[in-house]
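# Residue-level structural notes
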Amino acid sequence: NAILTDKEKWTVAYHEIGHALVAAKQTNSAPVQKITIIPRTSGALGYTMQVEEGTHYLMNKEEIENKIATLTGGRAAEEVVFDCVTTGASNDIKRATSEARAMVTKYGMSDKIGLISYGDDDDEVFIGRDLAHTRGYSEDVAKAIDSEIHRIIEECHENAVKIISQHMDVLHGCAKLLLEKEKVHREEFEALFTMENQGENNESI
């Protein structure tokens, strides 16, 4: 039952399209099935639905990095279009951080940290117990882990900004469509890329 202002609707629209656009322009990324700015009962002001084609039980490094880039796509779109940021990316940031942390501490996907499992930093710390002892590794290792998590997220975010900046016509066109209909389905979204390609071909003639 959330009632958004016109400015908030525009922001949410570009935010969600940012997710969709980054997902669509990466390899090994689940196809975008729907984008909507209809608020959900969960509290989300909009969402982008991706559906895997087939069943997957493993994810490689590139796929996880693509997922993180897609998660940062909403914030990236806000930065590119409005030159500001909102609180709308809070859950995206949390999820991106969790994925990056798992890459570093569980999956051995950081050359700097190596093939060592460092457990879960989210484990509860009890009063009176030393933090380094509780987590099982030193402060230096903790700093190295944090540095790697930061690097991964920043690189993925930079990739998201680059993708969005390269497809501004699709971004603006989809935003206009989304504001009109509140929902954009896969066929409508992919048609915008077809129009973009046709425009590029006409310019090259």
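Residues numbered from 1 in each chain as written. Predicted model: local features only at pLDDT ≥ 70, side-chain atom pairs only at ≥ 80, totals over all residues. Heavy atoms only, no water.

Turning next to the packing of aromatic side chains. A full pass over the atoms with the stated rule returns 4 aromatic pairs. Ring centres of W10 and Y14 lie 5.8 Å apart, and the angle between their planes is 25°; on these two criteria the pair is classed as stacked. Linking W10 with Y14, this pair stays in helix α1 (residues 6-24), spanning 4 residues, or about one helical turn. Accessibility expressed as a relative area gives 36% for W10, which makes it partly exposed. (Phe/Tyr/Trp six-rings, centres within 6.5 Å; stacked < 30°, edge-to-face > 60°. Helix = DSSP H or I, 4+ residues; strand = E, 2+ residues; numbered from the N terminus. Buried < 20%, exposed > 50% of the residue type's maximum accessible area, 1.4 Å probe, protein only.)

For the coordinates displayed, the defined rule picks out 7 salt bridges. Of the charged contacts in the structure, one is a salt bridge between E155 and R151, with a shortest N-O distance of 3.1 Å. Pair noted here: E155 and R151 are both in helix α5 (residues 139-166), with a separation of 4 residues, about one helical turn. The exposure class assigned to R151 is partly exposed, which follows from its relative accessible area of 30%. In this structure, E188 engages K181 in a salt bridge whose closest nitrogen and oxygen atoms are separated by 2.2 Å. Each of E53, R186 and E190 takes part in salt bridges that share partners, so that together they form one network. (Salt bridge = Lys/Arg side-chain N within 4 Å of Asp/Glu carboxyl O.)

Relative to the elements of secondary structure, N66 occurs in helix α2 (residues 61-82). Overall, the relative accessible area of 9% leaves N66 in the buried class. A distance of 2.4 Å separates a polar side-chain atom of N66 from the backbone oxygen of T27. Those residues within four positions of N66 in sequence are excluded, and the remaining contacts are Q26, T27 and N28. (Polar contact = N/O pair within 3.5 Å; in protein donor to acceptor, adjacent residues only side chain to side chain. Contact = heavy atoms within 4.5 Å.)

Running from N to C, α2 and α5 cross one another at 60°; their axes reach a closest spacing of 7 Å. Considering the angle they form, α2 stands oblique to α5. Seen from above, α2 lies across α5 with right-handed handedness. Contacts between α2 and α5 involve E65, I68, A69, T72, G73, R75, A76, A77, E79 and V80 from the first element and I152, I153, C156, H157, N159, A160, V161, I164 and S165 from the second. (Axes fitted to C-alpha atoms, helices over the stretch in contact; angles between N-to-C directions. Parallel < 35°, antiparallel > 145°, perpendicular 65-115°, else oblique. Left-handed = near helix turned anticlockwise from the far one by under 90°.)

Our next topic: the confidence of the model for the protein chain. Residues of the protein chain with pLDDT of at least 70 account for 88%, and the chain-wide mean is 88. Note that residues 121-129 has pLDDT below 50 and, in this model, 7 contacts with residues that lie over four places away or in other chains. (pLDDT = per-residue confidence, 0-100.)

With that out of the way, let us pick up the environment of S165. Looking at the secondary structure, you find S165 in helix α5. On the basis of relative accessibility, which here comes to 39%, the residue S165 falls in the partly exposed class.

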